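Letter by letter, the chains look like this.
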Amino acid sequence: MKRLLHSLIVLFLLGGGQVEAQLSQGGTPRVPLPLKSAVRPLLLMPEVSNERLQWQSLAEQEPHEEQGILKPLRFAHAFEVNYSPATHGLWMGSADGWKIWQLTIRSTGAYSLNLLFRDFRLPSRSRLFLYTPEQDQILGAYTSDNNPPDGIFALSPLPGDEITLQYECPPQETSTTPFVISAVNHDFLGILKYIDERRPMGVTAEACNLDIYCSGADRWREVQNSVCRIMIQGRDLCTGTLVNNTAGDHKPYILTANHCISTSQKAAGSLFLFNYESPYCGPLDGDVTHSLSGSTLRATLDSLDFTLVELTTPPPPAFRPYYAGWNREPRQTDTTASIHHPQGDIKKIALDHHSPMVSSFLSQFSRNSFWKVLRWDVGTTEIGSSGGPLFNRHQQVTGTLSGGAASCSNPVNDYYVRFDLAWAARPDSSRQLKCWLDPAQTGTLSLQGRQFNEGDNLCQAFTPLKEGDTHELLLLRGNDNLPGGYWTGTNNAGITEVANRFSIPGKESIRDVSLGIGKLKALNQNSSVAVRFYNLYRNTVSPVGSETRIPLKNLVSDAMNLVHLEQPIEPGDTFLVSLALEAIAAGDTLALYQSGRTSGQNSLFLLKNGTWRAFPDLYPAGTPAAPAMEIIACNVGIQDSTPSPQQDPVWVYPNPATSRIRVQTKEPLTPEMVSLFSVTGQQLPLRGINTAVNQVDLSLAGHSPGIYVVRVKTGTGFTRHKIVLTRP
């Protein structure tokens, strides 16, 4: 028996005022000229009962066979409609002569609404926006650049039971049917978290699920960026995997389950969400700005329950996409993992330290076509996990989840379609994987995964949060011991900026900052905060770049909020990323989460009465801390793997490295003169031996793949060198 379907919670963060979904162009809707005779165009959907729909959905998830159930998750009721600017809504004008069309749609009681379009063909220069009442949350602008090849277009949900569409076009444009709304989807579970509606159903994924950034998931750290959540036609949630092919042409193929996507219409109407995860090993909700709309069906087979689609738009560098490898050998390793989105929640991982066995699953599928996980040693899967990958110990896909009986209380018997059988399941290319994943006709049995971006396009996320931290709000108390606000938020103690110190040697370009906001009250429409950068050099703090300002009303509490910077920032090696609080109006509140930490390194700095101070210098207990913050940096370059002794006094190689590095200098060198740090500045254990008077060989065994900083002491000071550690 599966857990109740209504235990779903999914987070959609609407940070920065614009939802950065489907690669929209941003901007602000025009203001239409008033019409004295105009009546607000409002379409009401037929009334439905959320409670009745919840129980109907629950009944569909009851197992009909002893082996368990399929694991997609339905969260919305679809109203099939046929609305367009030619048939509904109101046309108006604007002060600059443009034509504006508006239509408001309401489905009473919906926790959120999303729309599905057909015949989506926006003319050049035209724009489409969707927004909530008062334009608190906005989707768009969408332009002709977003026109899908098949005309089907899906969008992220917006909170509440009412949304407005606004279409704008130049005065000479004659088309009155740039799109048709084909479905209005009424969310009856409450998948959004937003300012006025906090988790209507109360829970997320079950507690036994392991967050993807916990140390148990280190082996699969790189491949985690291949896994995405899929919203199908605005109604169902599943999981999918971005997979590599032998041509190495980074075609964006997504592998998932047939019972999730089985038709071209479902493929075209799907929304693919990347990087929906906590920034550390803890239950802090991630942001949902990295989504792409639409795909083309390439191959599917109901009797083997697999589907391969190709995304309409390849994931851009900021999504940090990784194309997973695969293995089609008819045997399994003794360790497997499944990365997935249980209940549509943030990314989790389940681990099994034993080999799965060949098995059958449900009478509708071919016999012996599944890998059966007998029992998960860590975690489980749930509804919403369908289509998720089964990785072997080499981080290669060997199967996709169909379903099973596993739960936290009894994590047994999950079934994954065998990749080796789906490879050449039928001669027809539309019912096999081989044609698409081995276009070079190599006949290879396995393929390694790959990160194709490099140079300016190589991006990575950095956060000061680490395993063992918790995220919390710490009240600031005055001399009278009365509350005076928050250490990392609004307060009456003279703290006007809250910052994290990062140390990332190189020439990175920072494009996004994500803020873990724990407390928010936004009553004043003019309240705002700003993201600022400062270079640190010895005792000097100097501003760098321009600030990015965000209205308080557009932020979300109890979650990460991604802020896209107005222009990329290229700071020095050590810098502060700050949140400025001085423009928050009286009566409004904002506070960042901070780490609950009793020892270790401090990275939290506060601007108090015009002077920057480290948190332990101000906090009576003197303990270190870090704010809940993450930055996305690109041009995460690496130095040459070939040393250049004529130019450099110190060189570190090979780079990238797998298990060992060598440090050479022009001066005598000992292992004690070399230190290893994480990108957040935490010193890490390091073992080294002298192999020459000016040469030290260092072991990196035990450290996870990622970026590290090697510091070398010389006669004139210290040099710092960024290295990339990859899997052996």
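Remember, it's a predicted structure, so these values are computed and weren't measured experimentally.

(A) How the structure looks around the overall build of the protein chain. Along the backbone of the protein chain there are five helices and 55 strands. Against the 2.2 N^0.38 benchmark of 27 Å for 728 residues, the protein chain shows a C-alpha radius of gyration of 26 Å, consistent with a compact globule. With the principal axes as the frame, the protein chain shows a C-alpha extent of 80 × 65 × 50 Å. Long-range pairs, those at least 24 residues apart, make up 75% of the contacts in the protein chain between residues at least 6 apart in sequence. When the accessible area of the protein chain is evaluated, it comes to approximately 27800 Å², of which 48% is carbon and sulfur surface.

(B) Seen up close, unusual backbone geometry. With an omega dihedral of 5 degrees, the bond running from Gly140 to Ala141 counts as a cis peptide bond. Mapped onto the secondary structure, Ala141 falls in strand E10 (residues 138–142). Phi at Glu134 takes a positive value of approximately 70 degrees, unusual for a residue other than glycine. Inspection of the secondary structure assignment puts Glu134 in the loop between strand E9 (127–131) and E10. The phi dihedral of Gln233 is positive, around 50 degrees, even though this residue is not glycine. Locating Gln233 in the fold gives a position in the loop between strand E16 (227–232) and strand E17 (236–243). Take Gln233: its relative accessible area is 13%, and that puts it in the buried class.

(C) Examining the side chain of Thr333 more closely. The topology assignment puts Thr333 in the loop between strand E23 (325–327) and strand E24 (336–340). Dropping the residues within four chain positions of it, Thr333 is found in contact with His354, Ser355, Pro356, Asn392, Arg393 and His394.

(D) View of the state of the cysteines. Enumeration according to the criterion identifies four disulfides in this entry. Put simply, Cys214 and Cys281 are joined by a disulfide, and their sulfur atoms are 1.9 Å apart. Judged by the sign of its S-S torsion, about 85 degrees, the cystine formed by Cys214 and Cys281 is right-handed. Residue Cys214 is located in the loop between strand E15 (210–211) and E16, and its partner Cys281 is located in the loop between strand E19 (270–274) and strand E20 (291–293); the two are separated by 67 residues in the primary sequence. Accessibility classification places Cys214 together with Cys281 in one group, the buried group. Disulfide pairing is shown between Cys238 and Cys260; the S-S distance is 2.1 Å.

(E) Region of the structure containing the confidence of the model for the protein chain. Per-residue confidence for the protein chain gives a mean pLDDT of 88; residues scoring 70 or more make up 91%. When the criterion is pLDDT under 50, residues 1–21 qualifies, and its contacts beyond four places in sequence or with other chains add up to 107 contacts. Scored below 50 in pLDDT, residues 638–647 makes 17 contacts in the model with residues more than four places away or belonging to other chains.

(F) Spotlight on the sheet that holds strand E54 (residues 706–714). Pairing is antiparallel across the open sheet formed by four strands, whose spatial order is E51-E50-E54-E55. Two strands close off the open sheet at either side, each with one partner strand: strand E51 (683–684) and strand E55 (717–725). Bridge analysis of strand E50 (residues 674–678) against E51 gives two bridges, and the strand direction is antiparallel. Directly across from Leu676, in E51, lies its bridge partner Leu684.

(G) Geometry of the pairing of strand E8 (residues 112–118). Counting buried positions over the seven residues of E8 gives six, a clear majority of the element. As defined by bridge partners, E8 adjoins strand E14 (residues 180–187) across six bridges and the pair is classed as antiparallel. If you follow Asn114 over to E14, its bridge partner there is Asn185. By the bridge criterion, two bridges tie E8 to strand E11 (residues 153–154) in an arrangement that is antiparallel. Bridged to Leu116 within E11 is Ala154.

(H) Up close: the sheet that holds strand E53 (residues 695–699). Taken together, the four strands give an open sheet; going across it, the order is E48-E49-E53-E52, and neighbouring strands pair in antiparallel fashion. On the outer flanks of this sheet lie strand E48 (650–653) and strand E52 (687–692), each paired with one strand and no other. Here the strands of the sheet are splayed against their neighbours by 20 degrees on average, with no regard to which way each runs. Relative to E53, strand E49 (residues 660–665) is paired through five bridges, and the arrangement is antiparallel. In the sheet register, Arg660 faces E53, and the bridge partner there is Ser699.

(I) Looking closely at the nonpolar core. In this structure, Val531, Phe533 and Leu590 are the most contacted members of the largest nonpolar core, which totals 41 residues. If one sorts the elements of this core by residue count, strand E37 (residues 509–521) sits on top with five residues. When sequence neighbours within four positions are dropped, the list of residues in contact with Phe533 reads Ile510, Val513, Ser542, Pro543, Val544, Leu565, Ile569, Phe575, Leu576 and Val577. Grouped together as the second largest cluster of nonpolar side chains are 39 residues, Ala217, Phe370, Ala422 and Ala425 included.

(J) Geometry of the pattern of salt bridges. Scanning the model with the defined rule gives 21 salt bridges in all. A salt bridge links Arg118 to Asp119; the nearest nitrogen and oxygen atoms lie 2.6 Å apart. For Asp119, a relative accessible area of 41% puts it in the partly exposed group. In this structure, the salt-bridge partner of Arg331 is Glu329, at a minimum N-O distance of 2.5 Å. In this structure Arg331 comes out as exposed when scored by relative accessible area, which is 56%.

Rules behind the numbers
Residues numbered from 1 in each chain as written. Predicted model: local features only at pLDDT ≥ 70, side-chain atom pairs only at ≥ 80, totals over all residues. Heavy atoms only, no water. Helix = DSSP H or I, 4+ residues; strand = E, 2+ residues; numbered from the N terminus. Rg over C-alpha atoms; globule rule 2.2 N^0.38 Å. Contact = heavy atoms within 4.5 Å. Areas by Shrake-Rupley, 256 points an atom, 1.4 Å probe, with all protein chains shown as cover. Buried < 20%, exposed > 50% of the residue type's maximum accessible area, 1.4 Å probe, protein only. Disulfide = S-S within 2.5 Å. pLDDT = per-residue confidence, 0-100. Pairing = 2+ DSSP bridges. Axes fitted to C-alpha atoms, helices over the stretch in contact; angles between N-to-C directions. Core = buried A, V, L, I, M, F, W, Y, C linked by side-chain atoms within 4.5 Å. Salt bridge = Lys/Arg side-chain N within 4 Å of Asp/Glu carboxyl O.

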